[in-house]
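Residue-level listing of the chains:
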Amino acid sequence: MNKISHEQKQFLSRLRRHRMIVRAARVMILVLFLILWEVCANAGIIDSFIFSSPSRIALCFREMVLDRSIFIHIGVTLYETIVSFLLVTLFSILIAVLLWCSRKLSEILEPYLVVLNSLPKSALAPLLIVWLGATPTTIIVAGMSVAVFGSIMNLYTSFTTVDQEKIKLIYTLHGNRRHALFKVVLPSSVPAVISNMKVNIGLCLVGVVIGEFLAARNGLGYLIIYSSQVFKMNWLLMSIVLLCIMAMGLYAVIGVVEKLYKKRF
């Protein structure tokens, strides 16, 4: 027992050391990149007007924090992304359940889902503006359009690949299709749903930014397109950095949900 315990301690020690090295390497790469960027901008190796610099971006962010304008743009983009993500999750689960319940319906709709999922979603944005107007609803729908069709197909595939022996057991015990859905299919597909959510949160953010390019007066997407038109590159790069941070934060939230689920079940 002592030998096993000692080996376990060594394994845990190596695992902790590995994680520390990975985290330190990640931070080092980021810091070196920022330092190199700053030095090249100050030395004139790159055009600081076009490429800006970390210090200029930080000062720009500070100014917009002081006048509170940046919080409006962040809040709008975050709200639209979260709403579109929640609607995508809800609609994809409901439609995937309908397809699972009706094989005929799934065979009828499958080619349409494939075509809609393959369609470049940026091509839909101008059409959505004509149909819905330049409103937040248009941007939310644009965010949904990027993720919803692929999400439906992935969830439906997950539903159909559930262990058929468990479903047969439900029917053997005189259960019906509703029992099979709620006792076997949905519980077995929770990991697939969470995995889908981790992908969809990024896709919804992309769709929202595309919508804000065309139909917004606030938001980080609007700030990017406006700053590119007036050549305020500090604003543009700051907005891109904030989008990266937002994407990492939203992904991390889904990761926390996944860990809580694994601990509970």
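The model shown is predicted, which means the values in this text are computed figures rather than measured ones.

Conventions we followed
Residues numbered from 1 in each chain as written. Predicted model: local features only at pLDDT ≥ 70, side-chain atom pairs only at ≥ 80, totals over all residues. Heavy atoms only, no water. Helix = DSSP H or I, 4+ residues; strand = E, 2+ residues; numbered from the N terminus. Expected span 1.5 Å × (residues − 1). Polar contact = N/O pair within 3.5 Å; in protein donor to acceptor, adjacent residues only side chain to side chain. Contact = heavy atoms within 4.5 Å. UniProt positions renumbered as here; feature names shortened; annotations may be inferred. Axes fitted to C-alpha atoms, helices over the stretch in contact; angles between N-to-C directions. Left-handed = near helix turned anticlockwise from the far one by under 90°. Nonpolar A, V, L, I, M, F, W, Y, C, P; charged D, E, K, R; others polar. Phe/Tyr/Trp six-rings, centres within 6.5 Å; stacked < 30°, edge-to-face > 60°. Buried < 20%, exposed > 50% of the residue type's maximum accessible area, 1.4 Å probe, protein only. Lys NZ or Arg CZ within 6 Å of the ring centre and 35° of its normal. Arc of directions from axis to C-beta.

Another point: helix α3 (residues 54-66). With 13 residues, α3 should reach 18 Å at 1.5 Å per residue; the first-to-last C-alpha distance of 18 Å fits that figure. Arg68, located one to two residues past α3, shows a positive phi value of around 65°.

As a further point, take the side chain of Ser227. With respect to the helices, strands and loops of the structure, Ser227 is situated in helix α11 (residues 220-229). A polar contact is formed between the side chain of Ser227 and the backbone oxygen of Ile224, at a distance of 3.0 Å. Once residues within four sequence positions are removed from consideration, Ser227 is found in contact with Lys232, Trp235 and Leu236.

Turning to its location among the elements, Asn218 is positioned in the loop between α10 (190-215) and α11. Along the primary structure Asn218 and Cys244 are separated by 26 residues, whereas in three dimensions their C-alpha atoms are 18 Å apart. When near neighbours in sequence (up to four residues on either side) are disregarded, Asn218 contacts Ile72, His73, Val76 and Glu212.

This next bit is on the UniProt feature "transmembrane region" (unreviewed entry) in the protein chain. Under the UniProt annotation, the feature "transmembrane region" (unreviewed entry) is placed at residues 21-50, 70-100, 112-133, 139-159, 199-216 and 236-257. With 94% helix and 0% strand, residues 199-216 has its two end C-alpha atoms placed 25 Å apart.

The next subject is the packing of helix α4 (residues 69-101) against helix α7 (residues 136-160). Contact geometry for α4 and α7: axes closest at 7 Å, N-to-C directions at 35°. α7 is crossed by α4, and the crossing has right-handed handedness. Here the residues of the contact of α4 with α7 sort into 21 nonpolar, five polar and one charged.

What follows is about the packing of aromatic side chains. Summed over the entire model, instances satisfying the criterion amount to three aromatic pairs. Where Tyr222 meets Tyr226, the ring centres are 5.9 Å apart and the plane angle is 20°; that geometry is what we call stacked. You can see Tyr222 and its partner Tyr226 sitting in helix α11, four residues apart, about one turn around the helix. The class for Tyr222 is partly exposed, based on a relative accessible area of 22%. You can call Tyr226 partly exposed: its relative accessible area is 29%. Ring geometry for Tyr226 and Trp235: centres 6.1 Å apart, planes at 35°, overall tilted. Three or more aromatic residues link up through ring pairs in this structure, and these residues are Tyr222, Tyr226 and Trp235. Over the aromatic face of Trp100 sits the side chain of Arg177, whose NZ or CZ is 4.2 Å from the ring centroid. When the ring centre of Trp235 is taken as origin, the NZ or CZ atom of Lys232, which lies over that ring, is 4.2 Å away.

Okay, α11 next. Where α11 is concerned, the buried positions are Leu220, Gly221, Leu223, Ile224 and Ser227. End-on view of α11: buried residues confined to an arc of 160°, all on one side of the axis. Close packing links the buried residues of α11 with α3, α4, α10 and α12 (233-264). Two residues or fewer past α11, Phe231 is found with a positive phi of approximately 60°.

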